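Architecture and fold: a report
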Amino acid sequence: MTTTTPPVPLTPKDFATDQEVRWCPGCGDYAILKAIQKTLAEIGASRENTVFVSGIGCAARFPYYADTFGFHTIHGRAPAIATGVKLANPDLDVWVMTGDGDGLSIGGNHMLHVLRRNVNVQIVLFNNEIYGLTKGQYSPTSPRGQRSPSTPQGSVDNPVSPAAFALGAGGRFVARAVDTQQKELVEVLKRAHAHDGASFVEIFQNCIVFNDAAFAEFTDRKIAADNQVLAEHGKPLLFGEDKRLGLRLDRRSLSLEVVTLGEDGVGEDDVLVHDERNRVLASLLAQLEPPAFPMAIGVLYCDPAEPYERAVHNQLSAVKAKRQNGDLAALLKGGRTWIVK
Amino acid sequence: MTAPPNTPVPTSAAAPDRVLSEEVVIRFAGDSGDGMQLTGTQFTLETALVGNDLITFPDYPAEIRAPAGTTFGVSAFQIHFGATDIKTAGDELNVLIAMNPAALKVNIKDLGTGGLVVVDTAAFTDRNLAKAGFDGNPLDDDTLAPYQVLKLDIARLTLEAVKEFGLSQKEALRSRNMWTLGLMLWIYGRDRKATTAWLEKKFANRPEIAKANIAALNAGHAFGETAEMPAFVQSRVVDPAELAPGVYRTVTGTDALALGLVAGAQSAGLAIMLGSYPITPASPLLHSLAKLKELGVITFQAEDEIAAICSAIGASYAGALGVTSSSGPGIALKGEALGLAVSVELPLIVVNSQRAGPSTGMPTKTEQSDLLQAMYGRNGDAPVPVIAASTPTDCFDVAIEAVRLATKYMTPVMLLTDGYLANAAEPWRVPNVVDLPRFPVRFRTDPEGFHPFVRHEETLARWWAIPGTPGLEHRVGGLEKAYDSGHISYDPANHQRMTDVRTKRIANIARDIPAQRVEQGPERGHLALVGWGSTFGPVYQAVNQARREGIDVSQIHVRYLHPFPENLGALLGQFDRVLVPEMNAGQLVQVLRSTFLVPAEGLNKVEGKPFKIRELLEAIRARASEGGSP
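Each chain carries its own residue numbering, running from 1 in the direction its sequence is written. Working convention: letters from A go to chains and numbers from 1 go to ligands, in the order in which they are written. Only residues with pLDDT of 70 or above have their local features reported here, since the model is predicted, and side-chain atom pairs are shown and tallied only from 80 upward, although totals for entire chains, interfaces and linings are computed over all residues.

Description of the overall build of chain B
Secondary structure counts use DSSP, requiring at least four H or I residues in a row for a helix and at least two E residues in a row for a strand, with both numbered from the N terminus. Each helix and strand counted, chain B has 20 helices and 23 strands in total. A globule of 630 residues ought to have a C-alpha radius of gyration of about 25 Å, and chain B, at 27 Å, matches this closely. Its C-alpha atoms give chain B principal-axis dimensions of about 85 × 65 × 45 Å. The burial criterion counts other C-beta atoms lying within 10 Å of a residue's C-beta, which is placed from the backbone; the residue is buried at 20 or more, exposed at 12 or fewer, and partly exposed between these limits. Taking all 630 residues of chain B together, the buried fraction comes to 53%. Intrachain contacts of chain B at a sequence separation of at least 6 include 76% that bridge at least 24 residues. Every radius of gyration here is taken over C-alpha atoms, with the globule rule written as 2.2 Å times N^0.38, N being the number of residues. Once C-beta atoms are placed from the backbone, any two residues with those atoms within 7 Å are in contact.

Below, the structure is given as structure tokens:
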């Protein structure tokens, strides 16, 4: 399990542990594991500087399967623990592996704060719209009407949209990907890693046992093209088999509408061009839902700012410089003193 | 205060014209806006500078801006100082300063018979009397008959003293506290230099305010010197206490704790990362440490108590000294994460500044009712060392000891203080840095033969192997781990073995801490008072007094509450009776009874205030006369 770092560049296999993977056969998590291992190899990550921090849930088992440092913590708290790791050692490359229940239900508060503080970690949220490890209860992302052991008549909760939540929390990198679409997934993960600050990646992950085909209406290969739009910076928001469908802004209602190129006089100039630094556009895209609209995937928003832990350490360095690195003896004798002979 | 007739008046060689007092308890009380905390703090400084021993305790309202003149808006500052060893803030007052009727109403019951009460008559208006809930004016009826009353129109005297500075009446009246301080400094023969310097610095940007306050201070002092005072107001002197030679300063428990954590971290060669969430009375530790960035202290005000401890655990995982600080309700929220730290065996300091509970309880009032929470408040068998500070200055040593245990045994340590210790202040002999213990941490670096849960033979501690170290990549978590390898394990025998080793590792700390000593009195006998935490002062004084009365009683004060010192059980067995005074409904007494099968008896008080010496003395006397076992 513990080997020294080889001089040659690492391959995806080098990031695999000797532990038997215990996800259900056919689980989307396998695809995500594979994509992360590939990402780590492609970005030239070092094993010793990489830390995976997770909470509780199926997704949270992830650290056991990556031959890096890993910390499987408690339910919902991975963002808080990761914040402490980064504050203590900002040089570490920290990934938070979480799910829809872990990250947005029990850990919703920490998710809000790690994003608004902009701690430089990659947050990968496996969204399967169900509680898997506890055997199938509905989750905060389950649609209304979801039948589950705890909602036999169907859920009457309104779901939260992870990407919209992340944008609302002040996240400065928000992206989406699909577990089975490896090419886009690896691209998105690489972008997330390159982002300076907190990056949030929602992955639509299929739970084959408790919520199979939850995302089929936009991930099924036969219809995916017409029901997904890949957001790429500087490119028009076109989709469909032959890229004849596009997103246009209805200025009167400040909402997006789907248009067909060549119909009703619609040309490519009418179609919105994706600007990943535009938070308003990102919010509009995050809220699109099939069947009326395509699901927006890719990097919806990316607008870096100074990460939290860097600001903290800059403050620390400034005070140290100003007060000549401090001295314990002087500190102990601080304030008003007197001498007893 | 007043000597009985025909007794010679004691005097001091240092000040033959003044009456000698051994020790004095003064309380400055007024409205929240009257500046009583500053007045008390300055009186304390001048008192420390003449070499008296002392303890101070502030008592301020929970409300941030309580309506003026109300009883719940009263703010008070108490100082007990003397020529002897001072160990409590004082049972009963010798002097009460009451700046308004509400302050008189709230505090007069604590003034001893014959004690001196100083009032500002200007504040005793019909309106203020009604707000304080007085039917008539206590200055005119017999309410204050048991006391000596010094009635002064402090407002008018202050206005006269500062009139040349052209301040508004409202601003001018703000100096009433300095006038009063001046008078008190005269009564006790104290200097005004430190206060004058402090005022000049504090109001450097508003020189007219500084000058007015200094004028009021001097006027109060001159008034004592020149005015014809009633015979019962005598100028007094309190000789210096016999303190060990050295450099001194005053510290609150919070100050000492912050310094101790920084010193402990330096002894271990670690940076501190404090994760904390604001809560009374623990927040001042966050404030204190936030000011120490030059010593590499990182403070993180987390989004909640859970994130606070989790960030500290994350920091420890990455190789810093993780510290989290809170009070009972916050500690309750930290319980699950504390269990994680137990399971993954990482160092962590958890400070609980206890307050009156349950639930929100009385946040500004002291109590020590979280001992059982500290010892047992987690799911599963999750032992952690628990240690408690006994005095404000003891917080420094206890903090260093907590860091030593946490890093040597790779364990969270629960450090208990309380609202009293956090806020009380006393003189502290500043230690030399070279004399502090050193216990540098050695992180694992060698990949050869490394497994995350391989243990040190003697301490049973695992290696601290931090991210960033090549070849030591490994996974840890809250799931049960296989012995040595740390892989997930559900094996029944392994869980038994891991539970046993976690228990044994903490239990073995008993070998690495000082044997329990007897603070006062013989090591065997009729009665032992066994205390912990901030009851130290009153228990010490009560046992001391009882022993002078010829009662066979000893004092045992327990710093290490889990594990107990190895000899504690045998020591308790040497006494016919064991009495355990606690500011809770009976917690240590329960643990002592169940651990050692001794017939220990509780003496319990939960009034949000420390024990009075008198209460303890009465309990000792009662048991002394009863004799035998209960």
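What about the environment of Ile387(B)?
Residue and element names in this part refer to chain B. One can find Ile387 in strand β14 (residues 386–388). In sequence terms Ile387 and Met414 are 27 residues apart; their C-alpha atoms lie 6.4 Å from each other. In this view, Ile387 contacts Val398, Glu401, Ala402, Val413, Leu415, Arg559, Tyr560 and Leu561; residues no more than four positions away in its chain are not counted.

A closer look at the sheet that holds strand β2 (residues 69–72) of chain A
Here, any two strands with at least 2 DSSP bridges between them count as paired. Strand order in this open sheet of 9 strands is β7(A)-β11(A)-β5(A)-β6(A)-β4(A)-β3(A)-β1(A)-β2(A)-β17(B), and the pairing throughout is mixed. Looking at strand neighbours, the two that pair on one side only are β7 (228–231) of chain A together with β17 (475–477) of chain B, the edges of this open sheet. Neighbouring strand axes in the sheet, compared pairwise and without regard to direction, differ in orientation by 20° on average. Pairing analysis gives 6 bridges linking strand β4 (residues 122–127) of chain A to strand β6 (residues 199–204) of chain A, with the strands arranged parallel. Note that in β6(A) the partner of Ile123(A) across the bridge is Phe200(A). Angles here are taken between N-to-C directions and fall from 0 to 180 degrees, while the axes themselves are lines fitted to C-alpha atoms, restricted in helices to the stretch in contact. The strands touched by helix α2 (residues 78–88) of chain A within the sheet are β1 (50–54), β2, β3 (93–99) and β4 of chain A, with β3(A) carrying the most contacts at an inclination of about 175°.

A word on the pairing of strand β19 (residues 525–531) of chain B
All names here are of chain B. With 5 of 7 residues buried, β19 lies mostly within the body of the structure. Where β19 and strand β22 (residues 575–582) come together, 4 bridges link them in parallel fashion. Across the sheet, Leu527 pairs through a bridge with Arg577, a residue of β22. Strand direction decides the pairing type here: β19 and strand β20 (residues 553–557), joined by 5 bridges, are parallel. Opposite Val530, over in β20, you have Ile556 as the bridge partner. By the criterion used throughout, a crossover qualifies as right-handed when its path from the first strand across the helix to the second strand runs clockwise, the strands pointing away from the viewer. The handedness of the β19 to β20 crossover, carried by helix α17 (residues 536–548), is right-handed.

Some words on the interface of chain B and chain A
Interfaces are often sized by the accessible area lost when the parts come together. With 62 residues of chain B at the contact, the number on the chain A side is 54 residues. Put simply, the parts of the chain that give the side of chain B that touches chain A at least two residues each are α1 (36–49), β9 (246–252), α9 (253–268), β10 (272–276), β11 (298–301), α11 (305–317), α12 (328–344) and β17 of chain B. Ranked by residue count, the leading element in the side of chain B that touches chain A is α11(B), at 9 residues. Gly falls in the polar group here, along with every residue not listed as nonpolar (Ala, Val, Leu, Ile, Met, Phe, Trp, Tyr, Cys, Pro) or charged (Asp, Glu, Lys, Arg). Broken down by class, the residue content of the side of chain B that touches chain A amounts to 38 nonpolar, 16 polar and 8 charged.

What about the sheet that holds strand β23 (residues 601–604) of chain B?
Residues and elements named next belong to chain B. Taking strand neighbours across the sheet as the criterion, the 5 strands line up as β18-β20-β19-β22-β23 in an open arrangement whose pairing is mixed. Among the strands making up the open sheet, the edge pair consists of β18 (518–520) and β23. The sheet shows a mean angle of 35° between the axes of neighbouring strands, taken without regard to direction. Pairing geometry for β18 and β20, over 2 bridges, is antiparallel. Of the residues in β20, the one forming a bridge with Gln520 is Gln555.

Section: the packing of α9(B) against helix α14 (residues 394–409) of chain B
Residue and element names in this part refer to chain B. Running from N to C, α9 and α14 point in directions that differ by 35°, and their axes come no closer than 7 Å. Seen along the crossing, α9 lies across α14 with a hand that is right-handed. Listed contacts from α14 to Gly253, Ala256, Leu257, Leu259, Gly260, Leu261, Ala263, Gly264, Ala265, Ser267 and Ala268 of α9 are Cys395, Phe396, Asp397, Val398, Ala399, Ile400, Ala402, Val403, Arg404 and Thr407. Here is the rule for handedness: rotate from the far helix to the near one, and if that takes an anticlockwise turn smaller than a right angle the crossing is left-handed, while a clockwise turn gives right-handed.

Concerning the packing of α2(A) against α11(B)
Running from N to C, α2(A) and α11(B) cross one another at 45°; their axes reach a closest spacing of 6 Å. Taken together, the axis directions place α2(A) and α11(B) in an arrangement best described as oblique. The interaxial crossing formed by α2(A) with α11(B) has right-handed handedness. Judged by residue contacts, Ala80(A), Ile81(A), Ala82(A), Thr83(A), Gly84(A), Val85(A), Leu87(A) and Ala88(A) of α2(A) engage Ile306(B), Ala307(B), Cys310(B), Ser311(B), Ala312(B), Ile313(B), Gly314(B), Ala315(B) and Tyr317(B) from α11(B). For the contact of α2(A) with α11(B), the residue count by class is 13 nonpolar, 4 polar and no charged. Note on terminology: angles under 35 degrees are roughly parallel, angles over 145 are roughly antiparallel, angles of 65 to 115 are roughly perpendicular, and the others are oblique.

Looking at α9(B)
All names here are of chain B. Its 16 residues give α9 an end-to-end C-alpha distance of 22 Å, which sits within 8% of 22 Å, the value for a rise of 1.5 Å per residue. Counting buried residues along α9, 16 of its 16 residues qualify, which places the element largely inside the surrounding structure. Immediately downstream of α9, the backbone of Gly269 shows phi near 75°, a positive value. The span you would expect from a helix comes to 1.5 Å times its residue count less one.

Let's talk about the pairing of β7(A)
All names here are of chain A. Taking every second residue as pointing to the same face, both faces of β7 are buried, with Gln228 and Leu230 on one and Val229 and Ala231 on the other. Sheet analysis places β7 next to strand β11 (residues 295–302), joined by 4 bridges and oriented parallel. By the bridge assignment for β11, Leu230 is matched with Ile297.

Remarks on the environment of Leu372(B)
With respect to the helices, strands and loops of the structure, Leu372(B) is situated in helix α13 (residues 371–376). Leu372(B) sits 218 residues away from Gln590(B) along the chain, and the two C-alpha atoms are 9.3 Å apart.

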